[in-house]
Amino acid sequence: MNGETQPLLLLEVTNSSPRLPSSPSHRPNLRIALKTRNAGARNPKMEREISPEAPPTPTRLLPRGPNEERKPGDQGGAGAEAEAAEMGTYKCCIFFTRRFALPDATTPEDVRTLFSRFSGGTPYMGVDELRRYLAATGELDGDGGMDVAEWIVDRVLQGRSRTPRFGRPALTVDDFHNFLFSEDLNPPIRQSKVHHDMNAPLSHYFIYTGHNSYLTGNQLSSDCSDVPIIKALQIGVRVIELDMWPNSSKDDIDILHGRTLTAPVSLLKCLTSIKKYAFVASPYPVIITLEDHLTSDLQAKVAKMVLEVFGDILYYPESKHLQEFPSPEALRGRVILSTKPPKEYLEAKGGTMKDRDIEPKFSKGENEESAWGIEVPDIQDELQDANKDDMSCHERGVDEDDEQKVRKSAPLEYKHLITIKAGKPKGSLVDALKSDPEKVRRLSLSEQELAKVAAGHGPKIVSFTQRNLLRIYPKGTRFNSSNYNPFLGWVHGAQMVAFNMQGYGRALWLMNGFYKANGGCGYVKKPDFLMQTCPDGKVFDPTADLPVKKTLKVKVYMGDGWQQDFKQTHFDSYSPPDFYAKVGIAGVPSDSVMRKTRVVEDSWVPMWEDGFTFPLTVPEIALLRVEVHEYDVNEDDFGGQTVLPVSELWPGIRTVPLFDHKGMKFKSVKLLMSFEFV
């Protein structure tokens with residue numbers, strides 16, 4: 001047989017077009033061809049790629065140091081290698097597989113340089129050297145630096161099942177890389193401490209605010225429950241909204257979205273859950289905003305119920321009107337109420353949606369599942385759209401004079417329990433922004449009303465919010481519980497930018513990321529420029545051209561963890577994923593931008609090492625946006641996201657954990673990134 005030509009039937013895996021460095025490859029096509037070759041010759045490469053008998057290719061998820069032992073269960077151990085090798089094997093058809101030799105995830109050159117710099121060029125970094133590194137990156141305050149460094153070295157060595165050389169704990173460059181790529185040891189932001197001054201009036205803070213907090217889904221037909229209220233409080237939301245309506249027998253209070261098909265939940269159940277979970281995530285005050293549609297006798301019942309449930313933790317003022325709001329610190333551990341001054345409940349002439357037998361429907365693209373992927377609208381576009389809107393600046397709800405007429409019928413005790421009074425003065429929207437030196441209040445505007453006023457009177461909004469509270473809520477057509485661009489409110493100083501917390505999407509990612517600041521306590525102190533008034537009476541103008549204050553440099557080194565958190569074929573049935581990252585800024589229009597790394601093909605541990613520069617005019621409220629996607633010919637797959645407040649970023653090389661599109665943190669997925677301010 002030697003030297004004879006034998007026909008062989010081969011199954012080959014080919015690409016329909018060549019791969020280009022600047023664009024990802026097309027998905028492989030299968031081709032069966034009859035070829036002839038020397039029977040004695042072998043093609044090892046082809047056998048590795050398509051033979052069912054080909055042995056797996058060993059690989060490692062993280063590099064191993066030259067003196068590092070393999071231990072059972074170690075991330076770089078034999079079990080992990082076999083598991084990782086499986087991630088490089090894909091079925092092409094019933095009997096054949098395609099194998100990928102997964103390359104080692106090498107330590108980035110910047111990490112090696114950093115290690116060499118602080119280790120003095122030696123192959124080991126001791127506790128002293130690590131302490132110097134931590135001090136240089138601003139992580140140490142006080143005299144506990146040596147203890148912190150020792151603890152980190154111990155944690156890293158224990159986690160990698162390594163024993164110190166020569167009896168002295170020290171890190172190799174691989175250990176140092178492992179430390180830098182640890183979410184617990186090297187987080188991207190200051191997470192645990194409240195560091196803002198908490199003694200200023202409430203009007204000096206942005207407050208984590210929910211809208212229709214009792215809804216489990218869409219605005220028209222979902223159930224009402226205390227579960228979304230509990231979830232909101234557990235992530236640090238400080239403002240809970242309840243819509244109060246008489247029940248069917250008019251003798252008790254239901255919480256529901258009025259004139260819709262939403263199923264009610266009892267007020268008592270909601271209040272009880274608020275008391276139980278109010279301070280699990282933050283010690284600072286919980287504000288309950290009440291939308292009141294009750295008769296005077298039911299208002300009296302609400303007052304009794306609130307006092308019985310909350311007891312001593314309920315705060316209410318002794319004076320009729322507040323000239324200045326209390327501070328979060330003064331209200332620590334307290335619950336306060338906010339609502340319009342009470343008025344008679346008048347049954348709506350049109351009846352409820354149930355009465356009219358209207359079925360709520362979603363148009364294409366408006367359902368809850370599809371809403372998450374929509375990009376956040378630009379502020380400038382919203383302001384321009386507001387100018388085209390027919391909505392008049394003179395449209396108002398119940399004015400203050402009308403409220404004075406009906407106020408007498410409300411129970412005295414109920415009125416006395418309201419700390420933050422919501423009022424809509426008679427006149428235009430611009431008139432509503434006039435501040436009363438004798439008292440403070442809360443004003444509520446829809447996102448459309450805010451955009452309309454902001455288009456021509458932005459500084460007046462900023463001036464109003466220096467003493468008073470401004471609450472912004474989603475427009476009524478957001479039936480799918482989607483949200484708007486929160487910066488429309490924040491750049492004008494609006495404290496309560498109310499969001500549908502039960503939904504999800506890019507706008508909600510921004511909201512949740514913003515309130516990671518200040519220890520995640522739900523109160524973020526407004527920057528000074530929003531609170532200052534110049535000698536000539538001028539305040540900050542959100543539409544003005546501003547100079548660059550600070551430049552943020554970001555570098556995305558690598559990513560890892562998808563192979564632990566996803567099935568092998570989640571992204572692609574025939575090959576490992578082709579990941580790329582998107583990095584950008586959310587903030588004022590001049591700062592907002594998104595950039596993209598190159599695509600790394602066929603790798604579960606992509607190495608990008610791409611850098612970006614972001615000039616910032618308003619860095620105080622800017623957010624860093626990070627998303628990872630997997631390139632696909634038809635539609636890219638989602639691989640994770642996070643949003644971080646720029647003002648809270650730790651400079652240096654950091655681990656950035658990623659979250660899914662619903663805001664739940666992945667167990668393993670993370671990026672290695674660096675941040676530098678110049």
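The preceding data block contains the structure.
Reading the values: the criteria
- Residues numbered from 1 in each chain as written.
- Predicted model: local features only at pLDDT ≥ 70, side-chain atom pairs only at ≥ 80, totals over all residues.
- Heavy atoms only, no water.
- Phe/Tyr/Trp six-rings, centres within 6.5 Å; stacked < 30°, edge-to-face > 60°.
- Helix = DSSP H or I, 4+ residues; strand = E, 2+ residues; numbered from the N terminus.
- Buried < 20%, exposed > 50% of the residue type's maximum accessible area, 1.4 Å probe, protein only.
- Core = buried A, V, L, I, M, F, W, Y, C linked by side-chain atoms within 4.5 Å.
- Contact = heavy atoms within 4.5 Å.
- Salt bridge = Lys/Arg side-chain N within 4 Å of Asp/Glu carboxyl O.
- Pairing = 2+ DSSP bridges.
- Polar contact = N/O pair within 3.5 Å; in protein donor to acceptor, adjacent residues only side chain to side chain.
- Arc of directions from axis to C-beta.
- Axes fitted to C-alpha atoms, helices over the stretch in contact; angles between N-to-C directions.
- Left-handed = near helix turned anticlockwise from the far one by under 90°.
- Nonpolar A, V, L, I, M, F, W, Y, C, P; charged D, E, K, R; others polar.

A few points about the packing of aromatic side chains
Alright, step 1. On inspection of all chains with the given rule, the structure shows 23 aromatic pairs.
Alright, step 2. The interplanar angle of 65° and the centroid separation of 5.0 Å between the aromatic rings of Y484 and F499 together place this pair among those described as edge-to-face. Residue Y484 is found in the loop between β16 (469–473) and α16 (487–490), and its partner F499 is found in strand β17 (residues 496–499); the two are separated by 15 residues along the sequence.
Alright, step 3. For Y484, a relative accessible area of 1% corresponds to the buried category.
Alright, step 4. A centroid spacing of 6.5 Å and a plane angle of 25° characterise the contact between F612 and F614, whose relative ring orientation is stacked.
Alright, step 5. Taking the relative accessible area as the measure of exposure, F612 reaches 10% and is therefore buried.

Notes on helix α6 (residues 173–180)
Alright, step 1. Counted residue by residue, α6 has eight buried out of eight residues, so it is predominantly covered.
Alright, step 2. Taken together, the buried positions of α6 are occupied by V173, D174, D175, F176, H177, N178, F179 and L180.

Examining the nonpolar core
Alright, step 1. Ranked by internal contacts, the top residues of the largest apolar core, which has 86 residues, are L242 and I288.
Alright, step 2. Not counting residues up to four positions away in its chain, the partners in contact with L242 are Y214, I229, I255, L267, C270, L271, I274, I288, T289, L290 and E291.
Alright, step 3. Core analysis: the second largest hydrophobic core is formed by 61 residues, F115, V605, L616 and L671 among them.

Looking at the pattern of salt bridges
Alright, step 1. In total, this model carries 15 salt bridges according to the counting rule given.
Alright, step 2. K301 is the salt-bridge partner of D252, the closest N and O atoms lying 3.8 Å from each other. Here D252 is found in the loop between β9 (239–246) and β10 (253–255), whereas its partner K301 is found in helix α9 (residues 296–310), with 49 residues between them in sequence.
Alright, step 3. Ionic pairing is found between K549 and E620, a salt bridge with its closest N-O pair at 2.7 Å. In this pair, K549 is assigned in the loop between β18 (523–525) and β19 (550–560) and E620 in the loop between β22 (607–616) and β23 (623–630), connecting sequence segments 71 residues apart.
Alright, step 4. Accessibility expressed as a relative area gives 31% for E620, which makes it partly exposed.
Alright, step 5. Shared partners join several salt bridges into a network, and the residues in it are E375, R506, R625 and E627.

Some thoughts on the side chain of S282
Alright, step 1. Among the secondary structure elements, S282 is positioned in the loop between α8 (267–277) and β12 (286–292).
Alright, step 2. If we skip the residues at most four places from it in the chain, S282 touches R238 and C521.

Some details on the pairing of strand β24 (residues 637–645)
Alright, step 1. By the criterion of burial, β24 is predominantly enclosed, with eight of the nine residues buried.
Alright, step 2. In this structure, β23 lies alongside β24, joined through eight bridges in antiparallel fashion. Its bridge partner lying in β24, R625 is registered against V643.
Alright, step 3. A loop of six residues connects β23 with β24, the two strands running antiparallel in sequence.

Remarks on the environment of S213
Alright, step 1. Relative to the assigned elements, S213 resides in the loop between β8 (209–210) and α7 (227–234).
Alright, step 2. The spacing of S213 and M501 is 288 residues in sequence and 7.1 Å in space, taken between C-alpha atoms.
Alright, step 3. Apart from residues no more than four positions distant in its own chain, S213 is found in contact with P228, I229, V239, I240 and E241.
Alright, step 4. A distance of 3.0 Å separates a polar atom in the side chain of S213 from the backbone nitrogen of E241.

Some thoughts on helix α3 (residues 109–119)
Alright, step 1. Here α3 has its buried residues at V111, L114, F115, F118 and S119. Looking straight down α3, one finds its buried side chains confined to an arc of 115°; they lie on one side. Projecting away from the buried face of α3 at angles above 90 degrees are the exposed residues E109 and R117.
Alright, step 2. Against the buried residues of α3 lie β5 (125–126), α4 (127–136), β6 (170–171), α6, β25 (652–659) and β26 (665–677).
Alright, step 3. Just downstream of α3 lies G120, where phi reads positive at about 70°.

Section: the environment of G217
Alright, step 1. By the element assignment, G217 lies in the loop between β8 and α7.
Alright, step 2. What makes G217 buried here is its relative accessible area of 5%.
Alright, step 3. With 283 residues separating them along the chain, G217 and N500 place their C-alpha atoms 9.1 Å apart.

Side note on the side chain of T289
Alright, step 1. Tracing the sequence through the fold places T289 in strand β12.
Alright, step 2. A relative accessible area of 2% means that T289 is categorised as buried.
Alright, step 3. Leaving out residues up to four positions away in the same chain, T289 has contacts with V239, I240, E241, L242, S338 and R442.

Some details on the packing of α4 against α6
Alright, step 1. The N-to-C vectors of α4 and α6 enclose an angle of 35°; their axes lie 13 Å apart at closest approach. As for how α4 packs across α6, the hand of that crossing is right-handed. When α4 is examined against α6, the residues L130, Y133 and L134 are found in contact with a partner set consisting of F176, F179 and L180.
Alright, step 2. Grouping the constituent residues of the contact of α4 with α6 by class yields six nonpolar, no polar and no charged.

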